[in-house]
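# A look at the structure
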Amino acid sequence: MQKILVISDSFDSLEKSKSALEEDLHVEVFGAFDLGGVQSQLNMRNFHIAIIDHAVTDDDAIAIVEFLKNSGMSFPVLIITDKIQLKYNGKLNMLQDIHVMVRPVSEKNVVGLTKKLLKARQVPKQNFRRFNTNQIAEVEDLASGNSLLTSMYNLSKGGAYCEFDSRNSTVAVGDLFRMKVFITDTNSEYTFSAKVVWTTPKGRFSGRYGCGFKFVNPKDVYRSQLSKV
(Lines give C-alpha, C1' and ligand atoms only; values in the text may rest on other atoms or scores of the structure.)
Protein backbone atom coordinates (compact mmCIF):
# COMPACT_ATOMS: atom_id res chain seq x y z
CA MET A 1 0.00 0.00 0.00
CA GLN A 2 1.25 3.48 -0.86
CA LYS A 3 2.29 5.73 2.01
CA ILE A 4 1.84 9.48 2.42
CA LEU A 5 3.59 11.68 4.95
CA VAL A 6 1.55 14.72 6.04
CA ILE A 7 3.42 17.46 7.90
CA SER A 8 1.15 20.04 9.46
CA ASP A 9 1.30 22.92 11.92
CA SER A 10 -2.19 22.05 13.11
CA PHE A 11 -3.46 18.84 14.69
CA ASP A 12 -6.97 19.42 13.29
CA SER A 13 -5.66 19.96 9.74
CA LEU A 14 -3.52 16.83 9.94
CA GLU A 15 -6.45 14.69 11.10
CA LYS A 16 -8.73 16.14 8.41
CA SER A 17 -6.17 15.44 5.67
CA LYS A 18 -5.53 11.95 7.02
CA SER A 19 -9.22 11.04 6.93
CA ALA A 20 -9.79 12.43 3.42
CA LEU A 21 -6.72 10.81 1.87
CA GLU A 22 -7.22 7.40 3.47
CA GLU A 23 -10.90 7.30 2.54
CA ASP A 24 -10.59 8.50 -1.08
CA LEU A 25 -7.22 7.05 -2.09
CA HIS A 26 -6.98 3.94 0.12
CA VAL A 27 -3.46 4.79 1.24
CA GLU A 28 -1.62 4.79 4.57
CA VAL A 29 -1.13 8.27 5.98
CA PHE A 30 1.44 9.11 8.65
CA GLY A 31 1.78 12.46 10.39
CA ALA A 32 4.47 14.78 11.71
CA PHE A 33 4.43 18.28 13.19
CA ASP A 34 8.07 19.34 12.99
CA LEU A 35 11.47 18.51 11.52
CA GLY A 36 12.26 15.95 14.22
CA GLY A 37 9.03 14.12 13.51
CA VAL A 38 9.75 14.11 9.77
CA GLN A 39 13.19 12.65 10.33
CA SER A 40 11.78 9.98 12.60
CA GLN A 41 9.16 8.97 10.02
CA LEU A 42 11.74 8.76 7.20
CA ASN A 43 13.96 6.54 9.32
CA MET A 44 11.11 4.08 9.83
CA ARG A 45 9.49 3.80 6.39
CA ASN A 46 9.53 4.85 2.72
CA PHE A 47 6.98 7.30 1.39
CA HIS A 48 5.52 7.99 -2.04
CA ILE A 49 4.69 11.65 -1.42
CA ALA A 50 4.99 14.27 1.32
CA ILE A 51 2.34 16.93 1.94
CA ILE A 52 3.31 20.03 3.91
CA ASP A 53 0.22 21.81 5.23
CA HIS A 54 1.33 25.09 6.84
CA ALA A 55 -0.70 28.27 7.18
CA VAL A 56 2.38 30.24 6.14
CA THR A 57 5.28 28.86 4.13
CA ASP A 58 7.95 30.33 6.40
CA ASP A 59 11.42 29.40 7.66
CA ASP A 60 10.14 26.27 9.43
CA ALA A 61 8.27 25.02 6.35
CA ILE A 62 11.24 25.67 4.06
CA ALA A 63 13.57 23.85 6.48
CA ILE A 64 11.33 20.80 6.12
CA VAL A 65 11.31 21.14 2.32
CA GLU A 66 15.11 21.33 2.23
CA PHE A 67 15.44 18.35 4.54
CA LEU A 68 13.11 16.26 2.36
CA LYS A 69 15.00 17.21 -0.81
CA ASN A 70 18.34 16.29 0.82
CA SER A 71 17.18 13.16 2.61
CA GLY A 72 18.33 10.72 -0.11
CA MET A 73 14.73 10.01 -1.11
CA SER A 74 13.11 11.04 -4.37
CA PHE A 75 9.39 11.73 -4.14
CA PRO A 76 7.17 14.72 -4.88
CA VAL A 77 6.37 17.30 -2.22
CA LEU A 78 3.01 19.07 -2.17
CA ILE A 79 2.75 22.33 -0.21
CA ILE A 80 -0.70 23.55 0.85
CA THR A 81 -0.60 27.04 2.32
CA ASP A 82 -2.44 30.31 2.87
CA LYS A 83 0.62 32.41 2.12
CA ILE A 84 4.19 32.03 0.89
CA GLN A 85 6.74 34.45 2.32
CA LEU A 86 7.98 36.55 -0.60
CA LYS A 87 11.63 35.63 -0.10
CA TYR A 88 10.85 31.96 -0.80
CA ASN A 89 8.92 32.29 -4.07
CA GLY A 90 12.03 32.01 -6.23
CA LYS A 91 13.50 29.15 -4.20
CA LEU A 92 10.37 27.02 -4.51
CA ASN A 93 10.24 27.61 -8.26
CA MET A 94 13.78 26.30 -8.65
CA LEU A 95 13.27 23.03 -6.77
CA GLN A 96 12.20 19.91 -8.65
CA ASP A 97 9.07 17.95 -7.73
CA ILE A 98 7.68 20.76 -5.56
CA HIS A 99 3.97 21.49 -6.09
CA VAL A 100 2.18 24.38 -4.38
CA MET A 101 -1.54 24.93 -3.75
CA VAL A 102 -2.52 28.29 -2.23
CA ARG A 103 -5.82 28.44 -0.37
CA PRO A 104 -8.70 28.72 -0.92
CA VAL A 105 -8.51 25.23 -2.40
CA SER A 106 -11.05 22.44 -2.15
CA GLU A 107 -10.45 19.10 -0.51
CA LYS A 108 -11.42 17.49 -3.82
CA ASN A 109 -8.62 19.35 -5.64
CA VAL A 110 -6.05 18.35 -3.01
CA VAL A 111 -7.04 14.70 -3.25
CA GLY A 112 -7.07 14.89 -7.05
CA LEU A 113 -3.56 16.32 -7.34
CA THR A 114 -2.26 13.87 -4.74
CA LYS A 115 -3.72 11.01 -6.78
CA LYS A 116 -1.98 12.25 -9.94
CA LEU A 117 1.35 12.53 -8.13
CA LEU A 118 0.99 9.03 -6.72
CA LYS A 119 0.33 7.61 -10.18
CA ALA A 120 3.36 9.40 -11.56
CA ARG A 121 5.60 7.90 -8.85
CA GLN A 122 4.51 4.35 -8.15
CA VAL A 123 7.76 3.36 -6.45
CA PRO A 124 9.80 5.62 -4.16
CA LYS A 125 13.43 5.88 -5.16
CA GLN A 126 16.13 6.18 -2.57
CA ASN A 127 19.23 7.68 -4.16
CA PHE A 128 21.60 6.26 -1.56
CA ARG A 129 21.19 3.38 0.81
CA ARG A 130 21.35 4.59 4.40
CA PHE A 131 23.07 2.70 7.21
CA ASN A 132 22.23 3.19 10.87
CA THR A 133 25.42 3.64 12.86
CA ASN A 134 26.45 4.63 16.36
CA GLN A 135 30.03 5.76 16.33
CA ILE A 136 32.28 8.72 16.97
CA ALA A 137 33.38 10.89 14.04
CA GLU A 138 35.67 13.92 13.94
CA VAL A 139 34.62 17.03 12.04
CA GLU A 140 36.85 20.02 11.33
CA ASP A 141 35.29 23.41 10.67
CA LEU A 142 36.97 24.61 7.47
CA ALA A 143 36.36 28.26 8.36
CA SER A 144 37.85 28.25 11.86
CA GLY A 145 39.97 25.09 11.82
CA ASN A 146 38.35 23.90 15.05
CA SER A 147 37.79 20.17 15.44
CA LEU A 148 34.74 18.64 17.11
CA LEU A 149 33.87 15.10 18.11
CA THR A 150 30.37 14.04 17.16
CA SER A 151 28.18 10.95 17.36
CA MET A 152 27.24 9.76 13.87
CA TYR A 153 23.94 7.86 13.76
CA ASN A 154 23.27 7.65 10.04
CA LEU A 155 25.58 7.27 7.05
CA SER A 156 25.01 6.95 3.31
CA LYS A 157 26.99 7.56 0.15
CA GLY A 158 25.43 11.02 -0.02
CA GLY A 159 25.75 12.25 3.54
CA ALA A 160 25.51 11.65 7.27
CA TYR A 161 23.49 12.57 10.34
CA CYS A 162 25.29 13.54 13.55
CA GLU A 163 24.45 14.87 16.99
CA PHE A 164 26.62 17.23 19.05
CA ASP A 165 26.81 18.49 22.59
CA SER A 166 24.69 21.61 23.10
CA ARG A 167 27.80 23.77 23.45
CA ASN A 168 28.51 23.04 19.75
CA SER A 169 25.09 24.26 18.62
CA THR A 170 26.74 27.11 16.71
CA VAL A 171 27.09 24.69 13.78
CA ALA A 172 24.76 26.17 11.16
CA VAL A 173 23.28 25.44 7.75
CA GLY A 174 25.83 26.17 5.02
CA ASP A 175 28.91 25.51 7.20
CA LEU A 176 31.62 23.42 5.55
CA PHE A 177 33.51 20.65 7.34
CA ARG A 178 36.11 17.98 6.80
CA MET A 179 34.69 14.78 8.29
CA LYS A 180 36.80 11.82 9.36
CA VAL A 181 34.95 8.53 9.84
CA PHE A 182 36.49 5.28 11.03
CA ILE A 183 34.65 2.21 9.75
CA THR A 184 35.29 -0.64 12.17
CA ASP A 185 33.99 -3.33 9.80
CA THR A 186 36.76 -2.60 7.29
CA ASN A 187 39.26 -1.15 9.78
CA SER A 188 39.56 1.89 7.52
CA GLU A 189 39.38 5.66 7.94
CA TYR A 190 37.62 7.82 5.37
CA THR A 191 37.70 11.58 4.93
CA PHE A 192 34.84 13.53 3.35
CA SER A 193 34.11 17.15 2.57
CA ALA A 194 30.66 17.90 3.95
CA LYS A 195 28.17 20.75 4.09
CA VAL A 196 25.50 21.25 6.76
CA VAL A 197 22.12 21.17 4.98
CA TRP A 198 19.76 21.13 7.98
CA THR A 199 19.82 21.26 11.77
CA THR A 200 17.51 20.42 14.65
CA PRO A 201 17.86 21.63 18.26
CA LYS A 202 16.80 18.23 19.60
CA GLY A 203 17.95 15.12 17.73
CA ARG A 204 15.90 11.93 17.86
CA PHE A 205 18.73 9.65 19.03
CA SER A 206 20.31 11.40 22.02
CA GLY A 207 18.21 14.56 22.24
CA ARG A 208 21.27 16.69 21.51
CA TYR A 209 21.77 19.24 18.72
CA GLY A 210 21.54 17.41 15.37
CA CYS A 211 22.94 18.16 11.92
CA GLY A 212 22.37 16.66 8.49
CA PHE A 213 25.51 16.68 6.34
CA LYS A 214 25.68 16.39 2.57
CA PHE A 215 28.97 15.20 1.11
CA VAL A 216 30.31 17.66 -1.46
CA ASN A 217 33.08 17.78 -4.03
CA PRO A 218 36.36 19.16 -2.58
CA LYS A 219 36.58 21.46 -5.62
CA ASP A 220 33.26 23.04 -4.65
CA VAL A 221 34.59 23.59 -1.13
CA TYR A 222 37.70 25.27 -2.52
CA ARG A 223 35.64 27.57 -4.74
CA SER A 224 33.39 28.46 -1.83
CA GLN A 225 36.36 29.38 0.34
CA LEU A 226 37.89 31.49 -2.43
CA SER A 227 34.64 33.43 -2.84
CA LYS A 228 34.88 34.52 0.81
CA VAL A 229 38.44 35.84 0.52
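From a predicted model like this one, the values you see are computed outputs, not experimental measurements. (Residues numbered from 1 in each chain as written. Predicted model: local features only at pLDDT ≥ 70, side-chain atom pairs only at ≥ 80, totals over all residues. Heavy atoms only, no water.)

## Here we look at the packing of aromatic side chains
Taken as a whole, this structure holds eight aromatic pairs when the rule is applied. With a centroid separation of 5.4 Å and 10° between ring planes, the pair formed by Tyr161 and Trp198 is classed as stacked. Of the two residues, Tyr161 is situated in strand β10 (residues 159-164) and Trp198 in strand β12 (residues 188-200); the sequence distance between them amounts to 37 residues. Of the residues examined, Tyr161 reaches a relative accessible area of 4% and is grouped as buried. Using a relative accessible area of 7% as the deciding quantity, one classes Trp198 as buried. Here Phe164 and Phe213 contribute two aromatic rings whose centre-to-centre distance is 6.4 Å and whose plane-to-plane angle is 55°, an arrangement assigned as tilted. Residue Phe164 is located in strand β10, and its partner Phe213 is located in strand β13 (residues 209-215); the two are separated by 49 residues in the primary sequence. Judged by its relative accessible area of 0%, Phe164 is buried. Through successive ring pairs, a cluster of aromatic residues spans Phe67, Tyr161 and Trp198. The ring of Phe30 carries the charged tip of Arg45 above its face, separated from the ring centre by 3.9 Å. (Phe/Tyr/Trp six-rings, centres within 6.5 Å; stacked < 30°, edge-to-face > 60°. Helix = DSSP H or I, 4+ residues; strand = E, 2+ residues; numbered from the N terminus. Buried < 20%, exposed > 50% of the residue type's maximum accessible area, 1.4 Å probe, protein only. Lys NZ or Arg CZ within 6 Å of the ring centre and 35° of its normal.)

## A look at the side chain of Thr81
Residue placement: Thr81 occurs in strand β5 (residues 77-84). Residue classification places Thr81 among the buried positions, given a relative accessible area of 0%. Side chain to side chain, Thr81 and Thr57 meet in a polar contact 3.2 Å long. When residues no more than four places from it in sequence are discounted, the contact partners of Thr81 are His54, Ala55, Val56, Thr57, Val100, Met101, Val102 and Arg103. (Polar contact = N/O pair within 3.5 Å; in protein donor to acceptor, adjacent residues only side chain to side chain. Contact = heavy atoms within 4.5 Å.)

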